[in-house]
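One letter stands for each residue in the lines below.
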Amino acid sequence: MEYGVYIWLAYGFAAFALVGLTFSSIAAMKKLEGKK
Amino acid sequence: MPTIYANPTKFMQVSQPLWQALAVSSALFLIAGLYFAFNAPPDYQQGLTIRILFLHVPAAWCAMMVYGFMAAASVAAFIWRTPLADIAAQASAPIGLVWVMIALWSGSLWGKPIWGTFWVWDARLVSVLVLLFLYLGYVLLLKAIDAPARRNRAARLVAIIGALNLPIIKFSVDWWNTLHQPASIMRLEAPALAPVYLLPLGLMAAFALCLTGSLVLVRMRTMVLRRQLEVQALAGGA
């Protein structure tokens, strides 16, 4: 059984979404901390 | 709710080291979780696709937990009228939205090789899809209403009423005949999952929980900071 593509698509999307959410959240906080 | 935790100044002091500690913990759990997940032996029926379980299950747990947290915070906001409870609920929504998207996407990709289809209209899948729409509706509602008091009240209602979907998701596999398997971890009997898979699942669940906690605190801090800057700007302009 060669189902590697499903595994990588699942983990790839999760990595993309979680990295994006994490960095955008921290960047927004740091930007406001800099203004304060 | 102890009022000390509802005080924004106190919250900003306590949350600073806490979000950082949770972020570091989540990174450590992720490294260990991925190591054990990608070194786990193939399942005797599902082969290597069992690796999707270590992502899919924690994502689904977090999607439900975050919505439960939003509903609890909304109840607290109705009862104690503390702005921090509304902030906690509203800051959590995008995080839950991402988790439910990951749960549906990974579940769909797991379904294709194992069930032979990406999607079936069974009760578990549909109730999780409803959770996605609840999250989307909640996030769009926050953008759609400008008046803060009306926005907060509407958001609380959506969170509380939408929480009725959580037991439906949990028990859908017991109440209806579903292609989705019944609970194999969160049940009264011993876990049905082979012990060799419990460690990577536990580590990935710990990663997901720590990351969620860290992101909730970061987004709450952002909202508190934004309000403090607005107040400063108003005071400066007066």
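Please refer to the structure higher up on the page.
So, how was this worked out
Residues numbered from 1 in each chain as written. Chains lettered and ligands numbered in written order. Predicted model: local features only at pLDDT ≥ 70, side-chain atom pairs only at ≥ 80, totals over all residues. Heavy atoms only, no water. Helix = DSSP H or I, 4+ residues; strand = E, 2+ residues; numbered from the N terminus. Buried < 20%, exposed > 50% of the residue type's maximum accessible area, 1.4 Å probe, protein only. Areas by Shrake-Rupley, 256 points an atom, 1.4 Å probe, with all protein chains shown as cover. Core = buried A, V, L, I, M, F, W, Y, C linked by side-chain atoms within 4.5 Å. Arc of directions from axis to C-beta. Contact = heavy atoms within 4.5 Å. Phe/Tyr/Trp six-rings, centres within 6.5 Å; stacked < 30°, edge-to-face > 60°. Lys NZ or Arg CZ within 6 Å of the ring centre and 35° of its normal. Buried area = accessible area lost by both parts, 1.4 Å probe. Salt bridge = Lys/Arg side-chain N within 4 Å of Asp/Glu carboxyl O. Polar contact = N/O pair within 3.5 Å; in protein donor to acceptor, adjacent residues only side chain to side chain. Patch = residues over 30% accessible without salt bridge, like charges linked within 9 Å, V, L, I, M, F, W, Y side chains within 5 Å. Axes fitted to C-alpha atoms, helices over the stretch in contact; angles between N-to-C directions. Parallel < 35°, antiparallel > 145°, perpendicular 65-115°, else oblique. Left-handed = near helix turned anticlockwise from the far one by under 90°. Nonpolar A, V, L, I, M, F, W, Y, C, P; charged D, E, K, R; others polar.

Chemist: Can you help me understand the overall build of chain A in this one?
Modeler: A tally of regular secondary structure across chain A gives one helix and zero strands. For chain A, the C-alpha atoms occupy an extent of roughly 55 × 5 × 5 Å along the three principal directions. Put simply, chain A has 36 residues, and 36% of those count as buried. Roughly 2,300 Å² of accessible area belongs to chain A as shown, and the carbon and sulfur atoms make up 71% of that amount.

Chemist: I'm lost on the nonpolar core in this one. Help?
Modeler: Side chains of a nonpolar character, in soluble globular proteins, are inclined to be buried together. The biggest cluster of nonpolar side chains holds 77 residues, and the ones touching the most others in it are Phe54, Met70, Trp99 and Ile102 of chain B. Looking at this core, the elements with two or more residues in it are α1 (4-35) of chain A together with α2 (8-37), α3 (53-80), α4 (83-115), α5 (123-144), α6 (148-162), α7 (165-175) and α8 (195-237) of chain B. With 16 residues, the top contributor of residues to this core is α4 of chain B.

Chemist: Would you explain α7 of chain B in this entry?
Modeler: The periodicity of an α-helix, 3.6 residues per turn, causes residues three or four positions apart to be oriented the same way. Residue and element names in this part refer to chain B. Restricting attention to buried positions, one finds in α7 the residues Asn165, Leu166, Ile169, Ser172 and Val173. One face of α7 carries all of its buried residues, which in axial projection span an arc of 140°. On its buried side, α7 packs onto α3, α5 and α6.

Chemist: Please clarify how the packing of aromatic side chains should be interpreted in this entry.
Modeler: Given two aromatic rings, their pairing is described by the distance between the two centres and the angle made by the two planes. Tallied over the entire structure, the rule returns 11 aromatic pairs over all chains. Between the aromatic rings of Phe13 of chain A and Trp105 of chain B, the centroid separation amounts to 5.5 Å while the plane-to-plane angle is 50°, which identifies the pairing as tilted. Here the residue Phe13 of chain A occupies a position in helix α1, and Trp105 of chain B occupies one in helix α4, the pair thus bridging two chains. Residue Phe13 of chain A is classed as partly exposed on the basis of its relative accessible area, which comes to 23%. The ring centre of Phe78 of chain B lies 4.9 Å from the NZ or CZ of Arg156 of chain B, which sits over that ring.

Chemist: How should I be thinking about the interface of chain B and chain A in this particular structure?
Modeler: Often the size quoted for an interface is simply the accessible area lost on bringing the parts together. Contact residues are listed per partner, giving 39 residues for chain B and 23 residues for chain A. Taking both partners together, chain B and chain A bury about 2,700 Å²; carbon and sulfur atoms supply 82% of that area. Inspection of the region where chain B meets chain A yields one salt bridge. One salt bridge in this structure joins Arg221 of chain B and Glu33 of chain A, with 3.0 Å as the shortest N-O distance. Our enumeration of links across chain B and chain A arrives at four residue pairs in polar contact (both at pLDDT 80 or more). Elements that contribute at least two residues to the side of chain B that touches chain A include exactly α2, α3, α4 and α8 of chain B. Tallying contributions element by element places α8 of chain B first for the side of chain B that touches chain A, with 13 residues.

Chemist: Would you explain the side chain of Thr212 of chain B in this entry?
Modeler: Residue and element names in this part refer to chain B. Tracing the sequence through the fold places Thr212 in helix α8. We classify Thr212 as buried; its relative accessible area is 8%. Among the polar contacts listed, one links the side chain of Thr212 to the side chain of Trp99, at a separation of 2.8 Å. When residues no more than four places from it in sequence are discounted, the contact partners of Thr212 are Cys62, Val66, Ile95 and Trp99.

Chemist: Teacher, can you tell me more about the environment of Ala73 of chain B here?
Modeler: Residue and element names in this part refer to chain B. Within the fold, Ala73 resides in helix α3. Placed 13 residues apart in sequence, Ala73 and Asp86 show a C-alpha to C-alpha distance of 6.7 Å. If we ignore the near neighbours within four places in the chain, the residues touching Ala73 are Ala85, Ala88 and Ala89.

Chemist: Explanation requested: a nonpolar patch on the surface in the structure shown.
Modeler: All names here are of chain B. Together, Ile168, Phe171, Trp175 and Trp176 give the surface a local cluster of nonpolar side chains, amounting to about 420 Å² of exposed area. Tracing the chain through its elements places Phe171 in helix α7. Judged by its relative accessible area of 35%, Phe171 is partly exposed.

Chemist: Explain the pattern of salt bridges to me, please; I cannot follow it from the model alone.
Modeler: Residues and elements named next belong to chain A. A complete count under the given rule lists three salt bridges over all chains for this structure. With its nearest N and O atoms 3.6 Å apart, the salt bridge here joins Lys30 to Glu33. With a gap of three residues between them, Lys30 and Glu33 both fall in helix α1, about one helical turn apart. On the accessibility criterion, Lys30 (41% relative accessible area) is partly exposed.

Chemist: How should I be thinking about the packing of α4 of chain B against α5 of chain B in this particular structure?
Modeler: Relative placement of two packed helices is described by the angle separating their axes and the distance separating the axes. Residue and element names in this part refer to chain B. One can describe the packing of α4 onto α5 by two numbers: an axis separation of 9 Å at closest approach and a directional angle of 150°. In terms of axis orientation, α4 runs roughly antiparallel to α5. The element α4 and its partner α5 pack so that their crossing is left-handed. Contacts between α4 and α5 involve Ala89, Gln90, Ala93, Pro94, Gly96, Leu97, Val100, Met101, Leu104 and Trp115 from the former and Leu125, Val128, Leu129, Leu131, Leu132, Tyr135, Leu136, Tyr138, Val139 and Leu142 from the latter. Of the residues assigned to the contact of α4 with α5, the class counts are 18 nonpolar, two polar and no charged.

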